[in-house]
Amino acid sequence: MYVVTKQAAAESATNYNMRTMFQGNHAIRVSLLLFQVTAFLVPWLIVLWLSFENNISGVARYSYLLALFSPLALLIASPSRNFLISTNMFSEAQAVGLRYLLLAVGLILAVIGGGALGMLWLAIAVYLSKVAEFFFDIAIARYIRESKPDKLLMHGGAKLAAIAVGALIAVVTGDLLITLFALAVLFVLFALRRNSFYASLPAAPYTAVKHILPLSLSALIFSVYFNIPRYLLGGDHHEGLLAIFTISSFLLTVLLVVNNAFCQADLHRWSAMLEEGEISPLKRSLWQAVLRGGLLYAALQLFQLPWLSELFWQAHNNLQAQNTFYPTVFHAVLALGFGPLLFSIANYLLITLKQHKVLLSFTLANALCTGGLCLLAYYQSGFIAVLVVTCLSGLVHFTLCYRRFSISLRQAV
């Protein structure tokens, strides 16, 4: 009787731990989803504002600057969120110190770039607001590693509060520059709170930067890859088409941020499975992530339906009605969205393996080839051909990363 009771108690405890783990992981996913949604909330609100002023040129200028400085901001946000989730190399104070150091370096580049484009202050404001937003990553990584979904959710609430205060400033001032500078300050204060003023550097900062940059460079290059169409349109002064592509891409951005929220919630668990040699459960979980991405892509296609697309464009002042080609761009962005989605999923395969330098080499080679082919396609066949090329490059990237991942797992067994 005692043995049976003891066995039953052990099974009950195991089931309880599994339920607790599932509930905790689910709560972390929900919280991360909140952070991912807020990542595009600010640019989307700004584009909505400019759309309702019928300022299609303003949408294009803001989009072009965002495309230029978002990759830089991702590089400056080192150590990145994924790095901090998957390793424990730096203390929180050291992560803040490294971020401040790189922020100063990036500011110099923003000043040079903004001056060259004739939009100095807007460029600085866009850069600072985007870099400051990534300071939320530091606490996010800690709460994920420590499995504290309640703290993570409260942290998400702090970010929403910062955005709400920024929106109030925008309504009161009606000035985009003031709003962006205010958001930069608010993001740092709300993200770090008292830790805003406590920062240190590792004993060998140069060595630390060399270690963290490969993963951040991969994020930068993915951002460049995602923004190649914007560079072509902005450089060729197609402001109307750039504005329409930007607005259309917000739906694709929703797809990517939702997928990233789920993958980042699982990343720490995937790394632990790999370290403990649980290869079969790891493969199963990763394929579930791919299947989930497929379902998200299918959900995105619902916006191809006339009534949903009409509602979407009504929210953007029906700017697509200014040219008969604009709706074609919108539908192409949605249909070809599986390329960027596969690109994003593929990155997590090599991040799980901690093969950051391999990921960087794959991403860089892909982006260079994609950029060259997109340039050729743009001038030979038009803008839709550019979207086809970026889509196919995402498929190629996924194939390469999955092959590398499979070989590494076979060697680990």
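As a reminder, the structure under discussion sits directly above these lines.
Our subject in this report is the structure included herewith.

Reading guide: rules and limits
- Residues numbered from 1 in each chain as written.
- Predicted model: local features only at pLDDT ≥ 70, side-chain atom pairs only at ≥ 80, totals over all residues.
- Heavy atoms only, no water.
- Helix = DSSP H or I, 4+ residues; strand = E, 2+ residues; numbered from the N terminus.
- Rg over C-alpha atoms; globule rule 2.2 N^0.38 Å.
- Contact = heavy atoms within 4.5 Å.
- Areas by Shrake-Rupley, 256 points an atom, 1.4 Å probe, with all protein chains shown as cover.
- Lys, Arg positive; Asp, Glu negative; His and termini not counted.
- Charge placed at Lys NZ, Arg CZ, Asp CG, Glu CD.
- Expected span 1.5 Å × (residues − 1).
- Buried < 20%, exposed > 50% of the residue type's maximum accessible area, 1.4 Å probe, protein only.
- Axes fitted to C-alpha atoms, helices over the stretch in contact; angles between N-to-C directions.
- Left-handed = near helix turned anticlockwise from the far one by under 90°.
- Nonpolar A, V, L, I, M, F, W, Y, C, P; charged D, E, K, R; others polar.

1. Looking at the overall build of the protein chain
- When helices and strands are tallied, the protein chain shows 16 helices and zero strands.
- Here the C-alpha radius of gyration of the protein chain, 22 Å, is about what a compact globule of 413 residues would show, namely 22 Å.
- By principal-axis analysis of the C-alpha atoms, the protein chain measures approximately 80 × 45 × 40 Å.
- Pairs at least 24 residues apart make up 81% of the contacts formed inside the protein chain by residues separated by at least 6 positions.
- For the protein chain, the computed accessible surface area is about 18,800 Å², with 68% contributed by carbon and sulfur atoms.
- Across the protein chain, the centroid of the 25 positively charged side chains sits 9 Å from that of the 15 negatively charged ones.

2. Overview of helix 8 (residues 176-192)
- The terminal C-alpha atoms of helix 8 lie 24 Å apart, and with 17 residues this matches the ideal 24 Å at 1.5 Å per residue to within 8%.
- Those residues of helix 8 that fall on the buried side of the exposure criterion are L176, T179, L180, A182, L183, A184, L186, F187, V188, A191 and L192.
- Phi for R193, located one or two positions after helix 8, is positive at around 50°.

3. Regarding the packing of helix 10 (residues 239-275) against helix 13 (residues 326-335)
- The N-to-C vectors of helix 10 and helix 13 enclose an angle of 35°; their axes lie 9 Å apart at closest approach. Handedness of the helix 10/helix 13 crossing: right-handed. Packed against helix 10, whose contacting residues are G240, L241, I244, F245, S248, S249, L251 and L252, the element helix 13 presents Y326, V329, F330, V333 and L334 at the interface.
- Residues that form the contact of helix 10 with helix 13 fall into these classes: 10 nonpolar, three polar and no charged.

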